[in-house]
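A closer look at the structure
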Amino acid sequence: MTLADLVGRARCLLIDFDGPVCAVFAGHPAATVAAHLHGIIRAELAEAVPPQLGAQNTDPLQILRQVADLGDDALTRTLADACRDAEVTAVATATPASGADDVIRAAHESGRRVVIVSNNAAAAIEAYLRSHDLTRHVHAIAARHDGMDPRLLKPHPYLVTQGITAAHAQPANTAFIGDSVSDIEAGQAAGIATIGYANKPGKHQRLRDAGADTVIDTMHEVVTAVHNVATSPAT
C-alpha cells in the first residue's frame, strides 16, 4: 500500500514521539540517564543486582522493563519516576525531526486527529509540545504514565489501543508512524496500518521486514501526502 493510500484513508494519525517527532536525548544522552538508573538500582539492590541489569545496558526504557520483570514494585516505581524526570529534562534540549512539526500541523488542519503514542513519559511529551506550540494541534497523548506497568510499553499494543480510543477512531481509518520494529509490531497487534520512519541507516529494511505497510525516509513525505489528498480524509 502506498503512503498516499494510507494517509488518504486515515482519519486519525498516530505518531511515535522519540524519532518521528524529535530526538529526545540529543542534548541529554540516554547513556547519562541509564547511568543514573543503574546507580539507583545498585543503591537499592546492593550485591543482589541481576546480571541482566549490568551497566552495559544504556537504554533507559529497557532497564525499566527489566526491573519490572523482577517483581519489585517499589523499585519499579522509583525507577519510573526517575526516568520520567530525566525525560522531562531531556526534551528541553531535544532536536525536532525535520518536517515533524509540519506533519502535525498539516494533519490537524486537514481534519485528522493527531495522537502521540509513545513509550516516553506523558509529562515529557506535554512539555515538548508546549514549548514548540504544538499542543493545540494534538488531540491526545497515549504514553507512559505514572503507575503504568512498564511491561505494557510497545511492542505491547496497549498504548496504541489507548491512542485509538482517545481519538474515537476506528482501526481501519487509523495509521501509525513509528521508527522502530516495536512500533510496527504494536501497530500490527492493534490491527492498524503502519508507516515505518527510517531515520537511520539500516532501518528501512528492518522496518520492511517487520511488516510495515510502507516506509518513509523523511517526515516531509507525510506532509506532501497530506497536501496531495483531499482536504477532508476519506470516509
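These numbers were taken from a predicted model, which means no experiment stands behind them.

Re the nonpolar core
In this structure, Ile15, Phe17, Ile116 and Tyr128 are the most contacted members of the largest nonpolar core, which totals 58 residues. In terms of nonpolar packing, the next biggest core, distinct from the first, is built from 19 residues, Leu61, Ile164, Ala169 and Ala186 among them.

Observations concerning the layout of surface pockets
Roughly 740 Å³ of volume is contained in the largest pocket. Around the largest pocket, the lining is made up of 31 residues, and of these Asp16, Asp18, Gly19, Asp179 and Lys203 lie nearest the centre. Of all the elements in the fold, those that place two or more residues in the lining of the largest pocket are β2 (22-23), α3 (60-70), β3 (95-96), β4 (113-121) and α8 (181-189). Element by element, the count of residues in the lining of the largest pocket is highest for α3, at four residues. Looking at the lining of the largest pocket residue by residue, the class counts come to eleven nonpolar, eleven polar and nine charged. Put simply, the second largest pocket is a space of about 200 Å³. For the second largest pocket, the lining is made up of 14 residues, of which Thr76, Arg77, Gly147, Met148 and Pro150 are closest to its centre. The element best represented in the lining of the second largest pocket is helix α4 (residues 73-90), accounting for five residues. For the lining of the second largest pocket, the class distribution of residues is four nonpolar, four polar and six charged.

Quick word on the packing of helix α2 (residues 30-45) against α3
Between two packed helices, what matters for the description is the angle formed by their axes and the separation of those axes. Relative orientation of the contacting elements α2 and α3 amounts to 25°, with a least axis distance of 9 Å. By the angle class used here, α2 and α3 are roughly parallel. Within the contact between the two elements, α2 uses Ala30, Val33, Ala34, Leu37, His38, Ile41 and Leu45 and α3 uses Pro60, Ile63, Val67 and Leu70. Grouping the constituent residues of the contact of α2 with α3 by class yields ten nonpolar, one polar and no charged.

A few points about the environment of Thr165
Relative to the helices and strands, Thr165 is located in helix α7 (residues 158-166). C-alpha of Thr165 to C-alpha of Ala140: the two residues are 25 residues apart in sequence and 9.9 Å apart in space.

Here we look at the packing of aromatic side chains
With the rule as written, the count across this model stands at one aromatic pair. With a centroid separation of 5.4 Å and an interplanar angle of 80°, the aromatic rings of Phe17 and Tyr128 are classed as edge-to-face. With Phe17 in the loop between β1 (12-15) and β2 and Tyr128 in helix α6 (residues 122-131), the pair connects residues that are 111 residues apart, well separated along the chain.

Re the confidence of the model for the chain
Close inspection of predicted coordinates is inappropriate in any region flagged by low pLDDT. On average, residues of the chain score 94 in pLDDT, and 97% of them reach the 70 mark or higher. Contacts from residues 231-235, a stretch scored under 50 in pLDDT, to residues over four places away or in other chains number 13 contacts.

Some remarks on the environment of Ala225
Position of Ala225 relative to the elements: it lies in helix α10 (residues 220-228). Given a relative accessible area of 7%, Ala225 falls into the buried group. Taking C-alpha positions, Ala225 is 9.9 Å from Thr2, a pair spaced 223 residues apart along the chain. Excluding residues that lie within four positions of it along the chain, Ala225 makes contacts with Leu3 and Val7.

Procedures and definitions
- Residues numbered from 1 in each chain as written.
- Predicted model: local features only at pLDDT ≥ 70, side-chain atom pairs only at ≥ 80, totals over all residues.
- Heavy atoms only, no water.
- Core = buried A, V, L, I, M, F, W, Y, C linked by side-chain atoms within 4.5 Å.
- Buried < 20%, exposed > 50% of the residue type's maximum accessible area, 1.4 Å probe, protein only.
- 1 Å grid on protein atoms, 1.4 Å probe; cavity = no way out; pocket = protein on both sides within 12 Å on 5 of 7 lines; lining within 4 Å.
- Points joined across faces, edges and corners; volume = space filled by probe spheres on them.
- Helix = DSSP H or I, 4+ residues; strand = E, 2+ residues; numbered from the N terminus.
- Nonpolar A, V, L, I, M, F, W, Y, C, P; charged D, E, K, R; others polar.
- Axes fitted to C-alpha atoms, helices over the stretch in contact; angles between N-to-C directions.
- Parallel < 35°, antiparallel > 145°, perpendicular 65-115°, else oblique.
- Contact = heavy atoms within 4.5 Å.
- Phe/Tyr/Trp six-rings, centres within 6.5 Å; stacked < 30°, edge-to-face > 60°.
- pLDDT = per-residue confidence, 0-100.

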